[in-house]
Amino acid sequence: VETAVHAHDGNCKGCRASVRISQKEIDRIISEHFAGADVALADDATYSLRMAVCQICEDLVYGTTCRHCGCLVAVRAKLAGKGCPAYSDKWEKIA
Amino acid sequence: MDKYDPEKRVGLIVDEWGSWHEVEPGTNPGFLYQQNTMRDAIVAALTFNIFHSHADRVQMTNIAQMINVLQAMILTEGAKMVLTPTYHVFEMFKVHQDSMLLPAHTSFGTYEMENEKITQVSGSASRSADGKINVSLCNLHHESDTVVECEIRGAKVSGISGRILAADSICSHNTFEKPNDVKPMSFDGFKSSKGKISVELPARSVVVMEIE
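Predicted model only: the values in this text are computed from it and were never measured.

1. A look at the overall build of chain B
Part 1: Looking only at helices and strands, chain B features two helices and 15 strands.
Part 2: Overall, chain B is about 55 × 45 × 40 Å in size when its C-alpha atoms are taken along their principal axes.
Part 3: Looking at chain B as a whole, 43% of its 212 residues qualify as buried.
Part 4: Within chain B, counting contacts between residues at least 6 apart in sequence, those at least 24 apart form 68% of the total.

2. What about the layout of surface pockets?
Part 1: Each pocket or cavity is described by its volume, and for the largest pocket that value is around 840 Å³.
Part 2: Counting only elements with at least two residues in the lining of the largest pocket, the list comes to α3 (23–34) and α5 (73–76) of chain A together with α1 (38–53), β3 (74–77) and β4 (80–83) of chain B.
Part 3: For the lining of the largest pocket, the element with the most residues is β3 of chain B, which contributes three residues.
Part 4: Considering only residue class, the lining of the largest pocket consists of 15 nonpolar, 14 polar and nine charged.

3. Comments concerning α3 of chain A
All names here are of chain A.
Part 1: The terminal C-alpha atoms of α3 lie 16 Å apart, and with 12 residues this matches the ideal 16 Å at 1.5 Å per residue to within 8%.
Part 2: Those residues of α3 not exposed but buried are I26, I29, I30 and F34. In a view along the axis of α3, the buried residues occupy a sector of 105°, so they form one face of it. Turned more than 90 degrees from where α3 packs its buried face, K24 and E32 sit exposed.

4. Quick notes on the interface of chain A and chain B
Part 1: At the junction of the two partners, chain A supplies 22 residues and chain B supplies 16 residues.
Part 2: Between chain A and chain B, roughly 1400 Å² of surface is buried when both sides are summed, and carbon and sulfur atoms account for 57% of that area.
Part 3: Linking chain A with chain B are one salt bridge.
Part 4: For E77 of chain B, the salt bridge goes to R76 of chain A, with nearest N and O atoms at 2.9 Å.
Part 5: The set of elements that each furnish at least two residues to the side of chain A that touches chain B consists of α2 (13–16), α3 and α5 of chain A.
Part 6: Among the elements that take part in the side of chain A that touches chain B, α2 of chain A stands out by supplying three residues, more than any other.
Part 7: Counted by class, the side of chain A that touches chain B contains 12 nonpolar, seven polar and three charged residues.

5. Remarks on the environment of E151 of chain B
Residues and elements named next belong to chain B.
Part 1: Among the structural elements, E151 can be located in strand β10 (residues 146–151).
Part 2: Given a relative accessible area of 47%, E151 falls into the partly exposed group.
Part 3: Expressed as a C-alpha distance, the spacing of E151 and P6, which sit 145 residues apart in the sequence, is 31 Å.
Part 4: Beyond its immediate sequence surroundings of up to four residues, E151 is in contact with G195 and K196.

6. Some words on empty space enclosed by the protein
Over the atoms, a rolled probe matching the size of one water molecule traces out where space is still vacant.
Residue and element names in this part refer to chain A.
Part 1: For the structure on display, the rule yields one cavity of 30 Å³ or more.
Part 2: Taken as a whole, the largest cavity encloses approximately 130 Å³ of empty space.
Part 3: If you trace the largest cavity, you find 16 residues lining it, with C54, C57, C66, C84 and P85 closest to the centre.
Part 4: Mapped onto the lining of the largest cavity, the elements with two or more residues apiece are α4 (44–55), α5 and α6 (90–94).
Part 5: In terms of residue class, the lining of the largest cavity is built from 12 nonpolar, one polar and three charged.

7. Here we look at unusual backbone geometry
Part 1: The omega torsion across A64 of chain B and Q65 of chain B is -5°, close enough to zero to call that bond cis.
Part 2: Looking at the secondary structure, you find Q65 of chain B in the loop between β2 (58–63) and β3.
Part 3: Non-glycine residue Y62 of chain A carries a positive phi angle of around 60°.
Part 4: By the element assignment, Y62 of chain A lies in the loop between β1 (60–61) and β2 (65–66).
Part 5: The phi dihedral of K194 of chain B falls on the positive side, at around 50°, and the residue is not glycine.

Basis of the calculations
Residue positions are given per chain, counted from 1 along the sequence in the order it is written. Each chain is given a letter, starting from A, and each ligand a number, starting from 1, according to the order in which they appear as written. Totals for whole chains, interfaces and linings use all residues, but because this is a predicted model, local features are given only for residues with pLDDT of at least 70 and pairs of side-chain atoms are given and counted only at 80 or more. To obtain the side-chain values, all non-hydrogen atoms of the structure were included, while hydrogens and water were left out. To qualify as a helix, a DSSP run of H or I must reach at least 4 residues; to qualify as a strand, a run of E must reach at least 2; elements of each kind are numbered from the N terminus. Only protein chains enter the accessibility calculation, which uses a 1.4 Å probe; a residue is then buried when its area is under 20% of its type maximum, exposed when over 50%, and partly exposed in between. Any two residues whose heavy atoms approach within 4.5 Å at even a single point are treated as in contact. A 1.4 Å probe that fits into a set of points on a 1 Å grid over the protein atoms alone but cannot get out defines a cavity; an open set with protein on both sides within 12 Å along at least five of seven lines defines a pocket, and lining residues are those with an atom within 4 Å of a point. Grid points are joined across faces, edges and corners, and a volume is the space filled by probe spheres set on the points. Note on residue categories: nonpolar means Ala, Val, Leu, Ile, Met, Phe, Trp, Tyr, Cys or Pro, charged means Asp, Glu, Lys or Arg, and polar means any other residue, Gly included. One fewer than the residue count of a helix, multiplied by 1.5 Å, yields its expected span. To be clear, the arc concerns the directions from the helix axis to the C-beta atoms. Buried area is calculated as the accessible area (1.4 Å probe) missing from two parts once they are joined, with the contributions of both summed. When a carboxyl oxygen of Asp or Glu is within 4 Å of a side-chain nitrogen of Lys or Arg, the pair counts as a salt bridge.

The quantities given are spatial measurements derived from coordinates; they are silent on function.
So, in structure tokens, the structure goes:
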């Protein structure tokens, strides 16, 4: 009984870890990730272009995640110093 | 198992051991992509030494997992690759593979923090097919050095060499930008006299010594 309760209480990392992330969850992650962080962020135009590239990339999995680095592209694209992990100039080509 | 199988006919295979931390910020939580620090290296060394002490029962162990997931030995990003502190412990401890476990009678001090107490030093020893003795030691303490006195019985000591994995912080780790912040170095923090070896173990360190 204890095991069954544990498996469904959602507090275990193994239980709550899912590869399918909702937009609401992504928004929360972005909010937490950048709150007070001292990092250079991409401007809105660059961010939008990067996201456009990722959204049609065949290496985007679950609609949110880069197959090459496991990152949520919505987070990575916000970081000014980052690039496409697989093809170094993929983001720059469209800038 | 000692109660029901005292003859030790049944072996244990320990599957999927290792640390499980929060994922790296900004990565898919379901991918379980976590960084790997000197703390994980100590977890690995401590775990290996525990496995060694049960070598009469434990026949195989497998970490979870090797690349990009949980306590990985390798992290990748596209074509880039970095070796983690855990990788280096695996590499340093490989001298124990296919060797004969040597009984080690140990007495170490206590690492106490926030009302929890554990033994500060972990160790194991084995003899390889070519007769060399390998001793692995791990100082778990995050800030205190210690000295370990070893007495080798039944063998003469003619030469010692060693390697150490240590870092400035228990949180030190390797990144794609700085892939060699935590890596094994040559170790000479020992003195040998009349069959006794005194080893200075820095805080948060893993040492493997080869004794001839």
